Each structure stands twice: as C-alpha cells, then as structure tokens.
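# Survey of secondary and tertiary structure
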Amino acid sequence: MDKLIRNLLKKIENYSSKEIIVSDYCKEKMQQRNVEESLVISTLFSKSLCYAEEQLKEFQGKPEKRYKLIFPISSKYYLIIILTFNQKALKVVNVIKTSKRLDQLWKKNKC
C-alpha cells in the first residue's frame, strides 16, 4: 500500500464522525449529484481507499493542502472526496460520484 494512503487512513482514524465538516459548496454539489452525507462519512472511515493525491490550492489568498481520495463504492462506481485536515475537524471540500474506470481517473490526474 502506498505510503500516502497509509498515512491518510491513519490520520482519518483520529477524527470522529462528529468532527467531519462538509462545506456549504460541497453540500450543494452533493444534493445536485444525489450523494448522501452518510455515504461520504461511512466511505471515509472504510479502509477501501485505492488512490490518493496531495494538492496545493489557493484558498482565501493562502495556499491550502488538500487531498483527493478515490474510494470504490460498488463494482461500477467510485467516490472522489476532496478534503483538508484542520486541527479540530476534517473538512470535506467536494464529493464526486463517478462511473469512470480508475485507470481513466489516474490518467486524467497525471497528465
């Protein structure tokens, strides 16, 4: 297992489900995409993380370290969760449910 994946799974374990904050933007997108918050939370605590990528994005004028996590949620679908780790909470920034094959997702992110 990739070192980044192991570290992220360990880090996520340190938070309870009550310490997960879903951004307003993410809630809006989840509603549009028909993704339940309970699915996101249960998926985060599952050990099925199969891909992780660290990203540096600008947020409110400062660089913010974000992580793109890809979890299989069925034989057909994957859940892509973008999150940040704060001192007191884990913040979910965006969630995407996709049926693209994992190798297509990797190619998109690597090019």
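Here is a short report on the structure shown in this document. Quick caveat, the model's predicted, so the values are computed rather than measured.

### A closer look at the environment of Asp 2
Relative to the helices and strands, Asp 2 is located in the segment before helix H1 (3-13). Taking the C-alpha atoms as reference, Asp 2 lies 31 Å from Asp 24; in sequence the two are 22 residues apart. Of note is the side chain of Asp 2, whose polar atom sits 3.2 Å from the backbone nitrogen of Leu 4.

### With respect to the pattern of salt bridges
Two side chains with opposite charge may pair up if their charged atoms get near one another. Per the counting criterion, the structure on display carries three salt bridges. One salt bridge connects Lys 65 with Glu 54, and the closest N-O pair in it is separated by 3.8 Å. Here Lys 65, found in strand S3 (residues 62-72), pairs with Glu 54, found in strand S2 (residues 51-59); they are 11 residues apart in sequence, far enough to count as distant. Relative accessible area serves as the criterion here: at 43%, Lys 65 is assigned to the partly exposed category. Looking at Glu 54, the relative accessible area reads 43%, which means it is partly exposed. Residues Glu 64 and Arg 66 are paired through a salt bridge, measuring 2.8 Å at the closest nitrogen-oxygen approach. Per residue, the accessibility class of Glu 64 equals that of Arg 66, and both read buried.

Rules used throughout
Residues numbered from 1 in each chain as written. Predicted model: local features only at pLDDT ≥ 70, side-chain atom pairs only at ≥ 80, totals over all residues. Heavy atoms only, no water. Helix = DSSP H or I, 4+ residues; strand = E, 2+ residues; numbered from the N terminus. Polar contact = N/O pair within 3.5 Å; in protein donor to acceptor, adjacent residues only side chain to side chain. Salt bridge = Lys/Arg side-chain N within 4 Å of Asp/Glu carboxyl O. Buried < 20%, exposed > 50% of the residue type's maximum accessible area, 1.4 Å probe, protein only.

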